[in-house]
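A closer look at the structure
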Amino acid sequence: MRSSNLFALAASLSTSTAVYQGFNYGATKSDGVTFRYQADFQSLFSTAKNLVGTSGFTSARLYTMIQGGSSTNEPTQAIPAAIAEDTSLLLGLWASGGQGGMDAEIIALKSAITKYGSAFTSLVAGISVGSEDLYRISPTGIAAKSGYGADPATLASYIGQVRTAIAGTPLSGAAIGHVDTWTAWVNGSNQAVIDACDWIGMDAYPYFQTTQANGIENGKGLFNDALGATQAAVGGKPVWITETGWPTSGSTAGQAVTGPTNAKTYWDQVGCPLFGKTNTWWYTLTDNDAVETNPSFGIAPGNPLSTTPYFDLSCSAVSSNSSNSPSTTTRSGSPASSAVSASVKSVATTPLASYGGGLSPSQGAGNGIGGAAASGSGPAPTGTTGTGSGPNGTYSNGTNTLSTSGKPTISPTSTSPAIATANAAGHLAGSIVGAIGAMMVAVAAL
């Protein structure tokens, strides 16, 4: 049996014995500039564990291994915070910084293993190499000025490099995957990444699918169709839900109205059937700890931080037979397979059909990348140049130095839906569509 198949089998078995449930945590506060340190992460992890009306949110998804503000590739201080709070970690290595950036991420990962030992490695749920890098090199990602990305061959190479780096360490058995928008996974040109992964991380935001009927009454169906399309595309590999959510406040997008009532509906219809059954990292615990964001996906206040959420998290109104499977019909009564095809066809013809994800649509300030990340487009530069690539503002590994300004370039109060409104402070990465693959599928369907 091929080693990649063995890894996939191990990942599948692990998800059957341990199901992770938690939130996404960027390297900065909601202003995209102020770095989070151990005390900040620890307060967030403690709040997540003690949310009123629910339990079990004891996992954290990270985007980078490097502590914000570090010039020596110091491991993120989310690690000692997780150890103190007994919070599991879906590690992230930022993959859009070129080879120098990946070298720095790997240095931080190996340093963390040495520094924290089994207290750290025993908490690792998996390792994500990159976040929405495939989206950012798509025509729509480039048009949205979402910053540098990485092509499939590069990502597959990085995944191999991480496997080599952890071989012979306590993390040698960790499942490695990649996180991207669902539309990237149905893009056949990205197959090399699927082949390299043990698991697939899917980001999906019906709120942003503005070319479709995306009111809250269709939120569950759009999410389930995205999940079904992803599962069909990845050849049986485990699909983890790495980002989804509905805004508790902010501007209307298409037919999608924000607010606690609709956020609760989405939580009940999409989140509750996932929790305890599928590895899920919700977006997000809070995204207003420094400034108000628009839209805001936080399910609880961030300033001051509170364990009292904006809506009931108990899932008490959810029936036991609720599930997340592709919808059987659309609002118009079309079969589910037609609905998925229509979704793909729609995103192929409209640039801003579907986005949302790990960082700001323009530069990813929520992960400490800063405004310069939006100063380029396409695959990240290599060598000693390539500004806008570093999740902590600076990469330095002795031979490559990549620096960024660390400041967002768009207003935290920006509300224009035409420019991927989730702005710098919202930690959203423009997971707009993988348009090339969508076009290929749409053409085949004609």
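Keep in mind that this is a model prediction, so the values were computed, not measured. (Residues numbered from 1 in each chain as written. Predicted model: local features only at pLDDT ≥ 70, side-chain atom pairs only at ≥ 80, totals over all residues. Heavy atoms only, no water.)

Let us look at the pairing of strand β3 (residues 88-93). Counting buried positions along β3 gives six out of six residues, so the element sits mostly inside the fold. Taking every second residue as pointing to the same face, both faces of β3 are buried, with S88, L90 and G92 on one and L89, L91 and L93 on the other. Note that strand β2 (residues 59-61) and β3 share three bridges and pair parallel. From the neighbouring strand, S59 faces β3, where its bridge partner is S88. (Buried < 20%, exposed > 50% of the residue type's maximum accessible area, 1.4 Å probe, protein only. Helix = DSSP H or I, 4+ residues; strand = E, 2+ residues; numbered from the N terminus. Pairing = 2+ DSSP bridges.)

On to the state of the cysteines, then. Inspection of the entire model under this criterion finds one disulfide. Residue C272 pairs covalently with C315 via a disulfide, S to S 1.9 Å. Residues C272 and C315 share a disulfide whose torsion about the S-S bond is about -85 degrees; that sign makes it left-handed. Within this pair, whereas C272 is found in helix α12 (residues 260-274), its partner C315 is found in the loop between β8 (280-282) and α13 (336-349), the two being separated by 43 residues in sequence. (Disulfide = S-S within 2.5 Å.)

This brings us to the environment of G130. Tracing the backbone through its elements, the reader meets G130 in strand β4 (residues 124-131). Assessed through its relative accessible area of 3%, G130 is described here as buried. Along the sequence, G130 and V179 sit 49 residues apart, while their C-alpha atoms lie 6.3 Å from each other. Ignoring anything within four residues of it in the chain, the contact list for G130 reads L93, A95, H178 and V179. (Contact = heavy atoms within 4.5 Å.)

Taken as a whole and judged by the stated rule, the model has eight salt bridges. Measuring nitrogen to oxygen at the nearest pair gives 2.7 Å for the salt bridge that ties R61 to E243. Taken together, the positions of R61 in strand β2 and E243 in strand β7 (residues 239-243) put the pair 182 residues apart, joining distant regions of the chain. In this structure, R61 and E243 share a single accessibility class: buried. Through salt bridges that share partners, K264, D268 and D312 make up one connected network. (Salt bridge = Lys/Arg side-chain N within 4 Å of Asp/Glu carboxyl O.)

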